[in-house]
Amino acid sequence: MKRVSYELYTIPLPFVLWFVTFKEPLLGFWPTLTASASILLLVSLPRWGAATFTFDIRQIVIGIASGLLLYLFFWSGFQVAKSIPGFTQTISSVYELRGGIGTTQIAEVLLFPIGPAEELYWRGMVQSYFRERLSTNKALLITASLYALIHLPTLNPSLLFVALVGGLVWGYLFNRFKRILPVVASHVLFVEMIFVLAPIS
């Protein structure tokens, strides 16, 4: 019998962690999300390769630019769609998860561990696993879909859409550059813009 790979064994874990984070955040939303991300960081540790952290300033700049463009894409979409009945409520509900945590604290945990942990797990480990066994595009689509689906407990279509598009963008960057740092730069800047620097709603 063919053995199930370590990566596949771990995939149910983020579904459980994100369900707890969104439905039963015993520590409060942001502390629980921080703990969940830290667990994913530890889980991904055995699959960190020598190329994972290779530094290239050009790729970092591209990552930052892509994070900004991704933010502008969603900001523009909000301006167009905000007149749709009920749409702004789906966006506002995301910001209601703050739970008394200060902006500075949110900025810190987004910088580390949340942003890096999500990318090291989803792109650095899971997408790498599928890319070695399937086509590059299939690996990207599967990983982005899984990443979006862990947000399903929110029952928030806007958040699911953001997660899916973000996953596709970050998956493309990872396939294009074969490095995690530009992807982390993009992810961190995007979430910092969304939650701290320039909230959309």
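Coordinates for the structure precede this section.
Here we summarise the structure given alongside this text. In this text, all values refer to a predicted model and were calculated from it rather than measured experimentally.

1. Remarks on a nonpolar patch on the surface
On the surface, a nonpolar cluster with roughly 400 Å² of combined accessible area is contributed by Leu42, Leu45, Trp48 and Phe53. Here Phe53 falls in the partly exposed class, since its relative accessible area comes to 40%.

2. Notes on the pattern of salt bridges
In the structure shown here, the tally under the stated rule is three salt bridges. Its salt-bridge partner being Glu119, residue Arg123 comes within 2.7 Å of it at the nearest N-O pair. In this pair, Arg123 and Glu119 both sit in helix α6 (residues 103–133), four residues apart, roughly one turn of the helix. Note on Arg123: relative accessible area 0%, which makes it buried. Judged by relative accessible area, which is 0%, Glu119 ranks as buried. For Glu132, the salt bridge is made with Arg133, and the minimal N-O distance between the two is 3.3 Å. Overall, Glu132 belongs to the exposed group, its relative accessible area being 63%.

3. A short note on helix α7 (residues 136–149)
When the terminal C-alpha atoms of α7 are compared, their 20 Å separation across 14 residues agrees well with the 20 Å that a helix rising 1.5 Å per residue should span. Those residues of α7 lying buried are Ala139, Leu140, Thr143, Ala144, Leu146, Tyr147 and Ala148. At its buried positions, α7 is contacted by α2 (12–23), α6, α8 (157–177) and α9 (181–197).

4. Examining the nonpolar core
Core analysis: the biggest nonpolar cluster contains 55 residues, and Trp30, Leu110, Tyr121, Trp122, Phe190 and Phe195 have the highest contact counts within it. Here this core gets 13 residues from one element, more than from any other, and that element is α6.

5. Remarks on the packing of aromatic side chains
As enumerated under the stated definition, the model contains 13 aromatic pairs in all. Judged by centre distance (5.9 Å) and plane angle (65°), the rings of Trp170 and Phe190 are edge-to-face. Residue Trp170 is located in helix α8, and its partner Phe190 is located in helix α9; the two are separated by 20 residues in the primary sequence. Its relative accessible area of 2% is what places Trp170 among the buried residues. Of the residues examined, Phe190 reaches a relative accessible area of 4% and is grouped as buried. An aromatic cluster is defined as three or more aromatic residues linked by ring pairs; in this entry it consists of Phe73, Phe74, Tyr121, Trp122, Tyr147, Phe161, Trp170 and Phe190. The ring of Tyr147 carries the charged tip of Arg123 above its face, separated from the ring centre by 4.9 Å. Directly above the ring of Phe177 sits Arg176, whose terminal nitrogen or CZ lies 5.0 Å from the centroid.

What counts, and at which threshold
For every chain, the first residue of the written sequence is number 1, and numbering continues from 1 onward in sequence order. Two thresholds apply to this predicted model, a pLDDT of at least 70 for residue-level local features and 80 or more for giving and counting side-chain atom pairs, whereas whole-chain, interface and lining totals are computed over all residues. For side-chain calculations, the full set of non-hydrogen atoms in the structure is used, while hydrogens and water are omitted. What makes a patch is a set of residues exposed beyond 30% relative accessible area and free of salt bridges, joined within 9 Å when like-charged and within 5 Å when nonpolar (Val, Leu, Ile, Met, Phe, Trp, Tyr). Note on areas: Shrake-Rupley, 1.4 Å probe, and residue coverage restricted to the protein chains presented here. Just to be clear on terms, a salt bridge is a Lys or Arg side-chain nitrogen sitting within 4 Å of an Asp or Glu carboxyl oxygen. Residue burial is assigned from relative accessible area. The probe radius is 1.4 Å, only protein chains are included, and a residue is buried under 20% of its type maximum, exposed over 50%, and partly exposed in between. Strands here mean DSSP runs of E at least two residues long; helices mean DSSP runs of H or I at least four residues long; both are numbered from the N terminus. Expected helix span is computed as 1.5 Å times (number of residues minus one). Contacts between residues were defined by any pair of non-hydrogen atoms, one from each residue, lying within 4.5 Å. Within this scheme, the nonpolar core is defined by two criteria: the residues are buried Ala, Val, Leu, Ile, Met, Phe, Trp, Tyr or Cys, and they are joined through side-chain atoms within 4.5 Å. Aromatic rings from Phe, Tyr and Trp, with only the six-membered ring used for Trp, were paired whenever their centres fell within 6.5 Å, and each pair was classed as stacked if the ring planes differed by under 30 degrees, edge-to-face if by over 60, and tilted otherwise. When the NZ atom of lysine or the CZ atom of arginine is within 6 Å of a ring's centre and also within 35 degrees of its normal, the charge is said to sit over that ring.

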